[in-house]
Amino acid sequence: MPELLLNHPVAGQGTRAAAGFGLLWPAGSIPARAFAEQGECIRAVQALAAELIQSPPGTPAEYIVRAAPLPEAALEPRRNLFSTLFQSVYFLLGIAAPRRRLYGQLTHLFRIWVTSADNLLDDEAKPVLPLILPRGGGQTMTQVLAVMTADRILERLLSEAADAGTITPAQARRLSAGSLQVLLPSAALEASEEGGIRERPPPEEVLKTIHRLKTGLLFNLPFFGPEICEAEQLDAVKVATLKAALMEFGLGCQILDDIRDLARDWLEGRHNYLLSRLTVTGGPFWESLPGRGLRPEDRLYRDAPPEIVHPAVRQALALQSGALTVLVREGLDLSPAQVSALPRLMLRLLDVEDLDDAG
């Protein structure tokens, strides 16, 4: 599954990027309050993990599994940009604090499920739920345990929320079932790419259908809880407007992802907006790909025709800027300068800062 909900490393630029993102949220603003609240939610989930992951008494020391301390890096602004936007939505919708915190913890559980699945599919180890396994290994089992632990945390959160009167028992049951159901379209899309796709669909189909299922859907996850528990109180028009804006922001991010992952997606046979465009207008460059001896980490976009890459960069930034403009109109207190700066900072976050001039 897409890794957009979590940890895009900013290669070689961590300090600059972290500083840039930190400056985005003025003290007292909705994003600043949302960022702080989401940090509390992450800590709460990790604390529950530590409570739940207890090896049985008598387990030999060399086989004990436990939760690791939450690293401070997990709470950096750049690692929580999307979650901050998601948590901000709850402020814009006027949702009460107890339910905001519940939904924020659900957001973090979705990050665990999505990222752990992505790690398993791509043989990666992006950190999401820090665990300590014996003998210093177990990358695959770490992901399996993360998914299993997240499921138990969900059960605990919903039970406690129902006991406290934050939600009803019926809502708890719907949230439990829905947390699986809402991810099924994205999972089905990912499954269709296993083993490589047989042919590349037209670029507009990639953007308007495939990427909306693959990534755009994930950017609508913050509405999962409210639409079950707040349906009668919510302004339906406002919800639809916010959902559309976050969908567009997510699609802009995915286009930048596609640019960065051009070589990887070609080698692994994954859907990619630029590759679909190149099948139509790539000419000699497209025909040269089989003989290039590519590696997944290659920055193939640097060799691709600028007339293909640069418009895609501008399209991605325009989607993000347009989405932020809508969010501001709906009450998100960012200045015009901040709205202008955020898409540029996204180039750093998604590790394609060298394309800044193209936008």
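Scroll up for the structure.
The following paragraphs examine the structure supplied in this document. Because the structure is a prediction, the values reported are computed rather than measured. (Residues numbered from 1 in each chain as written. Predicted model: local features only at pLDDT ≥ 70, side-chain atom pairs only at ≥ 80, totals over all residues. Heavy atoms only, no water.)

## Comments concerning the overall build of the protein
Alright, step 1. Tallying secondary structure elements over the protein gives 15 helices and two strands in all.
Alright, step 2. Relative to the compact-globule value of 21 Å for 359 residues, the protein shows a C-alpha radius of gyration of 21 Å, a close match.
Alright, step 3. Dimensions of the protein, computed from the C-alpha atoms along their principal axes, are close to 65 × 55 × 40 Å.
Alright, step 4. A burial count over the protein gives 54% of its 359 residues as buried.
Alright, step 5. When the accessible surface of the protein is split by element, carbon and sulfur atoms take 55% of a total near 15,400 Å².
Alright, step 6. Counting 35 positive and 43 negative side-chain charges, the protein places the centres of these two groups 3 Å from one another. (Helix = DSSP H or I, 4+ residues; strand = E, 2+ residues; numbered from the N terminus. Rg over C-alpha atoms; globule rule 2.2 N^0.38 Å. Buried < 20%, exposed > 50% of the residue type's maximum accessible area, 1.4 Å probe, protein only. Areas by Shrake-Rupley, 256 points an atom, 1.4 Å probe, with all protein chains shown as cover. Lys, Arg positive; Asp, Glu negative; His and termini not counted. Charge placed at Lys NZ, Arg CZ, Asp CG, Glu CD.)

## Regarding helix H15 (residues 336-349)
Alright, step 1. The terminal C-alpha atoms of H15 lie 20 Å apart, and with 14 residues this matches the ideal 20 Å at 1.5 Å per residue to within 8%.
Alright, step 2. Approximately 25° is the largest bend angle found in H15, and it occurs at Leu342, with the proline Pro343 only one to four residues beyond.
Alright, step 3. Along H15, the positions that sit buried rather than exposed are Gln338, Val339, Leu342, Pro343, Leu345, Met346, Leu347, Arg348 and Leu349.
Alright, step 4. Count one or two residues on from H15 and you reach Asp351, which has phi positive near 65°. (Expected span 1.5 Å × (residues − 1). Bend = angle between axes of the 7 residues up to and from the residue.)

## A short note on the side chain of Ser88
Alright, step 1. The residue Ser88 is located in helix H3 (residues 81-92) in this model.
Alright, step 2. The class for Ser88 is buried, based on a relative accessible area of 2%.
Alright, step 3. Setting aside chain neighbours within four positions, we find Ser88 in contact with Ile30, Pro31, Ala34 and Leu332. (Contact = heavy atoms within 4.5 Å.)

## A word on the packing of aromatic side chains
Alright, step 1. Following the criterion strictly, the structure yields seven aromatic pairs and no others.
Alright, step 2. Judged by centre distance (5.7 Å) and plane angle (90°), the ring pair of Phe86 and Phe219 falls under edge-to-face. In this pair, Phe86 sits in helix H3 while Phe219 sits in the loop between helix H8 (203-214) and helix H9 (224-229), placing the two residues 133 residues apart along the sequence. Accessibility classification places Phe86 together with Phe219 in one group, the buried group.
Alright, step 3. Note on Phe110 and Trp113: the rings are 5.4 Å apart at their centroids and 75° apart in plane angle, and the pair reads as edge-to-face. (Phe/Tyr/Trp six-rings, centres within 6.5 Å; stacked < 30°, edge-to-face > 60°.)

## Describing the packing of H8 against helix H12 (residues 273-281)
Alright, step 1. At a minimum axis distance of 8 Å, the contact between H8 and H12 shows a crossing angle of 160°. Between H8 and H12, the angle falls in the class roughly antiparallel. Crossing of H8 over H12 shows right-handed handedness. Listed contacts from H12 to Pro203, Glu204, Val206, Leu207 and His211 of H8 are Tyr273, Ser276 and Arg277.
Alright, step 2. When the residues that make up the contact of H8 with H12 are grouped by side-chain class, the tally is four nonpolar, two polar and two charged. (Axes fitted to C-alpha atoms, helices over the stretch in contact; angles between N-to-C directions. Parallel < 35°, antiparallel > 145°, perpendicular 65-115°, else oblique. Left-handed = near helix turned anticlockwise from the far one by under 90°. Nonpolar A, V, L, I, M, F, W, Y, C, P; charged D, E, K, R; others polar.)

## Points about the environment of Asp123
Alright, step 1. Take Asp123: it is sitting in the loop between helix H4 (97-122) and strand S2 (131-132).
Alright, step 2. Once the C-alpha coordinates of Asp123 and Val144 are considered, the two residues, 21 residues apart in sequence, prove to be 12 Å apart.
Alright, step 3. A polar atom in the side chain of Asp123 sits 3.3 Å from the side chain of Gln139. (Polar contact = N/O pair within 3.5 Å; in protein donor to acceptor, adjacent residues only side chain to side chain.)

## Some words on unusual backbone geometry
Alright, step 1. The phi angle at Asp123 is positive, at roughly 55°, despite the residue not being glycine.
Alright, step 2. Overall, Asp123 belongs to the exposed group, its relative accessible area being 61%.
Alright, step 3. Look at Asp351: it is not a glycine, yet its phi comes out positive at around 65°.
Alright, step 4. On the secondary structure map, Asp351 appears in the segment after H15.

## Considering the environment of Pro130
Alright, step 1. Looking at the element boundaries, Pro130 is found in the loop between H4 and S2.
Alright, step 2. For the pair Pro130 and Ile308, spaced 178 residues apart in sequence, the C-alpha separation works out to 40 Å.
Alright, step 3. Ignoring anything within four residues of it in the chain, the contact list for Pro130 reads Gln46, Ala67, Ala68, Pro69, Leu70 and Pro71.

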